[in-house]
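Examination of the molecular architecture
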Amino acid sequence: MKKEAQRDAGRAPEPRTAERVRNVVLVGHAGAGKTTLVEALLARTETIPRAGRVEDGTTVCDADEVEVRQQRSVALALAPLEHNGIKVNLLDTPGYADFVGELRAGLRAADAALFVISAVDGIDALTSSLWEECATVGMPRAVVITQLDRPRADFDEAVAICQRVFGDGVQPLYLPMHADDESVAGLIGLLSRRVYDWSSGDRVERDPDPEHLPLIDNTRSALIEGIIAESEDETLMDRYLAGEEIEQKVLIADLETAVARGTFYPVLAAAPLTMLGTDELLEVLTAAFPTPLEHPCPPVSRPDGSPAAPVSCDPDGPLVAEVVKTTTDPYLGRVSLVRVFSGTLRPDLPVHVSGHGMAERGHPDHDVDERVGALAVPLGANLRHVSHCPAGDLCTVARLASAETGDTLSSREDPLLVHAWELPEPQLPVAVEAASRADEDKLGTALSRLVAEDPTVRLERNAETGQVLLWCVGEAHAEVLLDRLRSRHGVSVTTPDVRVALRETLAKPVTVTGRHVKQSGGHGQYAVATLEVEPQPAGAGLTYEIRVVGGSVPSQFHGSVEKGVRTQMERGLHPGRPLVDLKVTLVDGKAHSVDSSDAAFQTAGALALREAAAAAGVEVLEPVSEIAVTVPAGFVGSVMSDLSGRRARVTGSDPDEVHDDRTVVRAEVPEIELLRYATDLRSLSHGTGTYTRRYLRHEPMPAHLVPAPA
């Protein structure tokens, strides 16, 4: 148990009406300082007595045992605080691409995004793509440059990178003020023309020094022009260019409007370990970011797919809430973090739980009526009970036995379904086996809980290889899932190599005879079947024909031979390698009036097929997938070169229909070459590449690559 993160966090904030709520998701690459920034904001608002540290495992948001051990965020966490009578729900997200499902859940639950950028490390590909994603849906955004107190921190360079990557509308509201030793001693407010001095350890507001004035004037001009360009007062720009001084309150009002509309993106500065910049950030979060009333609710439909009227953020409207995160608590059972879009959630309220569209990932469609358990507001591992949760707010619901991440809670009388958010397709398979017989009994339940908690996981029980596969987004994702199986669910597992579903077929046509003749007293067994066997095109399956002349094989045994052939094809000659795509013709045979039987001719048919394989030889067939790799244009050459080393046939490349700077490379690749491709592509493209695949066909495998039979 974490020492400090379990500290008493006091009473939960009282439920607020939507105009006094802000839902903000923190986005940024791993190590940018999101969790540390949340700690600083919680401590600054006295939500917690002091800020914890990631290195010590004492932060509020990294409450999971895996996060404490690995010292990184791997799950979405909610941290509410209050400032100036406004409740701010901070949603801390992981910064690794493997946990993009948690990040997407945070985007669904939020009304605005705060991009956390390190003054040392800049911007990674995931952060850039998420900015584009937010732009597509018009989500308001702001940027905070953190870690200003670290060596090599460069605020100006970080702002320049943001402007280059994020485009127009990115302008700083504050500039860092440096002391004589080059450490950050405070902030310079560009709109207010005031200095907020932290050199004494406390925030002191004062007039700027003379050397600050040229810097303020130069940077302030670009900021003001960016703000008034978004103003509804079209005369402001002319007045400003004519030399008129625009009142600060007018600029602030226009700034708040532009930020809420998602057309202007202020840049703030912070050094969370010293609390520098936290007051200014809280002011932007509460005054400039939109309320839930200003952010449209996601579209809804009926569970049967029929259209439904749009819902709005109305506490008295029809109930619509979405499960954005599911966890399993050893004492409370399943705990669901929900965002209430419409209506009001109350304890003991009957609700309809609906989940659709995720069956292929192991989440069967379901519609169940349940009763809401206790409601609480989480702060890390602490759950603080509340009486209700109105539209626009977030809370946890206990003991919804069937609710999974992405499900919709609505009225029993009028069930509705929120359209699911887009999730990445997991492309990294991991085979799992129970380490002991005792673990076998628990493994199925544990896997089903993992899938219920994480919609980016796909659970597959491969019928051909017999393996249970967890399809993961990447290696870090797989590591966390396996850790949770062991630590949270108490199941020890092993991870054998993933086996590819190989098949076999005959190398050439052949005619053979299967003889099953036994005499052991009483009725014996007698059956002789002569078969012509030849390979067929891929995907043709079994074609069975009868060309017996003169009744050498009685008609009642014709089907018995076919049944024996089919059974042997399914079993294969080697474990896990069925025989496929054969044409089998029964041309002759012998029978006995007493000793012939259905079972005898089944055995003769199976023996004949094995004789055919021995005489003709077999070809091993491997699955081939069609893949579409989407990468920035600069990585196309590297991707094609890598594919050629994977025995791929590149079938073409086209510009991406959504992003002009990206290219889609299409190829046919043996499945065995794709087992680690999710990881390799990420390394090859610096985290910018994605791909999809679909099974195409089985093709002959080069003999020197065929693995030895198990």
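One can find the structure itself at the top, above this paragraph.
A brief report on the enclosed structure follows. Treat the numbers as computed from the prediction; the structure is a model and nothing was measured.

Describing the sheet that holds strand β26 (residues 468-472)
Read across the open sheet, the 4 strands follow the order β25-β26-β24-β27; overall the sheet is antiparallel. Bordering the open sheet on either side are β25 (458-461) and β27 (493-494), each of which pairs with just one other strand. Bridge analysis of strand β24 (residues 428-434) against β27 gives 2 bridges, and the strand direction is antiparallel. Each bridged residue has a counterpart across the sheet, and for E433 the counterpart in β27 is T494. Relative to the sheet, helix α10 (residues 437-453) contacts β24, β25, β26 and β27, its axis offset from that of β24 by approximately 150°.

Quick look at the sheet that holds strand β3 (residues 86-92)
Pairing between the strands of a sheet comes from backbone hydrogen bonds, and it takes one of two forms, parallel or antiparallel. Taking strand neighbours across the sheet as the criterion, the 7 strands line up as β2-β3-β1-β4-β5-β11-β6 in an open arrangement whose pairing is mixed. If you trace the sheet from one side to the other, it starts and ends with β2 (77-83) and β6 (170-172), each paired once. Across the sheet, the mean angle from the axis of one strand to that of its neighbour is 25°, orientation sign disregarded. Where helix α3 (residues 100-109) meets the sheet, it contacts β1 (21-27) and β3, and its direction lies at approximately 155° from that of β1.

Points about the layout of surface pockets
The volume enclosed by the largest pocket comes to roughly 1,700 Å³. The wall of the largest pocket is formed by 47 residues, among which V100, R104, E133, E422 and P424 lie closest to the centre. For the lining of the largest pocket, the secondary-structure elements that each account for two or more residues are α3, α4 (125-137), β33 (618-632), β35 (662-670), α15 (677-684) and β36 (690-700). For the lining of the largest pocket, the class distribution of residues is 26 nonpolar, 12 polar and 9 charged. Its boundaries defined by the atoms lining it, the second largest pocket holds a volume of some 1,200 Å³. Of all elements in the fold, only α2 (65-70), β2, β13 (320-329), β14 (333-342) and α11 (475-487) reach the threshold of two or more residues within the lining of the second largest pocket. For the lining of the second largest pocket, the element with the most residues is α2, which contributes 5 residues. For the lining of the second largest pocket, the per-class residue count stands at 17 nonpolar, 8 polar and 10 charged.

Observations regarding the pattern of salt bridges
Under the counting rule described, the total for this entry stands at 44 salt bridges. Its salt-bridge partner being E504, residue R577 comes within 3.4 Å of it at the nearest N-O pair. Here the residue R577 occupies a position in the loop between α12 (558-571) and β32 (582-590), and E504 occupies one in strand β28 (residues 503-506), the gap between them amounting to 73 residues. Of the residues examined, E504 reaches a relative accessible area of 0% and is grouped as buried. We note a salt bridge from R649 to E699, for which the minimum N-O separation is 2.7 Å. Here E699 lies in strand β36 and R649 lies in strand β34 (residues 649-655), a separation of 50 residues in the sequence.

With respect to the packing of aromatic side chains
The description of an aromatic ring pair rests on the distance of the ring centres and on the angle between the ring planes. Throughout the structure, instances matching the rule amount to 7 aromatic pairs. Centre to centre, the rings of W131 and Y265 are 5.0 Å apart; their planes meet at 75°, and the pair counts as edge-to-face. In this pair, W131 sits in helix α4 while Y265 sits in strand β11 (residues 265-269), placing the two residues 134 residues apart along the sequence. There is no split in this pair, since W131 and Y265 are both buried. Aromatic side chains Y174 and Y196 sit 6.2 Å apart centroid to centroid with 65° between the ring planes, which places their arrangement in the edge-to-face category. Taken together, the positions of Y174 in strand β7 (residues 174-178) and Y196 in strand β9 (residues 194-197) put the pair 22 residues apart, joining distant regions of the chain. The same class applies to Y174 and to Y196, which are both buried. An aromatic cluster of at least three residues, connected via ring pairs, comprises F115, W131, F166 and Y265. If you follow R72 out to its NZ or CZ, it ends over the ring of Y96, 4.7 Å from the centre. The ring of W471 has R458 sitting right over it, with the charged end atom 4.7 Å from the ring centre.

Here's the deal with the pairing of β11
Here β11 lies mainly inside the structure; 5 of its 5 residues are buried. Burial of β11 is two-sided: the residues Y265, V267 and A269 facing one way and the residues P266 and L268 facing the other way are all buried. Taken together, the 3 bridges between strand β5 (residues 141-146) and β11 define a ladder with parallel strand orientation. Residue pairing across strands places V144 opposite L268, the latter belonging to β11. Judged from the 3 bridges that link them, β6 and β11 form a sheet pairing that is parallel. Residue pairing for β11: V170 is matched across the bridge by Y265.

What counts and how
Residues numbered from 1 in each chain as written. Predicted model: local features only at pLDDT ≥ 70, side-chain atom pairs only at ≥ 80, totals over all residues. Heavy atoms only, no water. Pairing = 2+ DSSP bridges. Helix = DSSP H or I, 4+ residues; strand = E, 2+ residues; numbered from the N terminus. Contact = heavy atoms within 4.5 Å. Axes fitted to C-alpha atoms, helices over the stretch in contact; angles between N-to-C directions. 1 Å grid on protein atoms, 1.4 Å probe; cavity = no way out; pocket = protein on both sides within 12 Å on 5 of 7 lines; lining within 4 Å. Points joined across faces, edges and corners; volume = space filled by probe spheres on them. Nonpolar A, V, L, I, M, F, W, Y, C, P; charged D, E, K, R; others polar. Salt bridge = Lys/Arg side-chain N within 4 Å of Asp/Glu carboxyl O. Buried < 20%, exposed > 50% of the residue type's maximum accessible area, 1.4 Å probe, protein only. Phe/Tyr/Trp six-rings, centres within 6.5 Å; stacked < 30°, edge-to-face > 60°. Lys NZ or Arg CZ within 6 Å of the ring centre and 35° of its normal.

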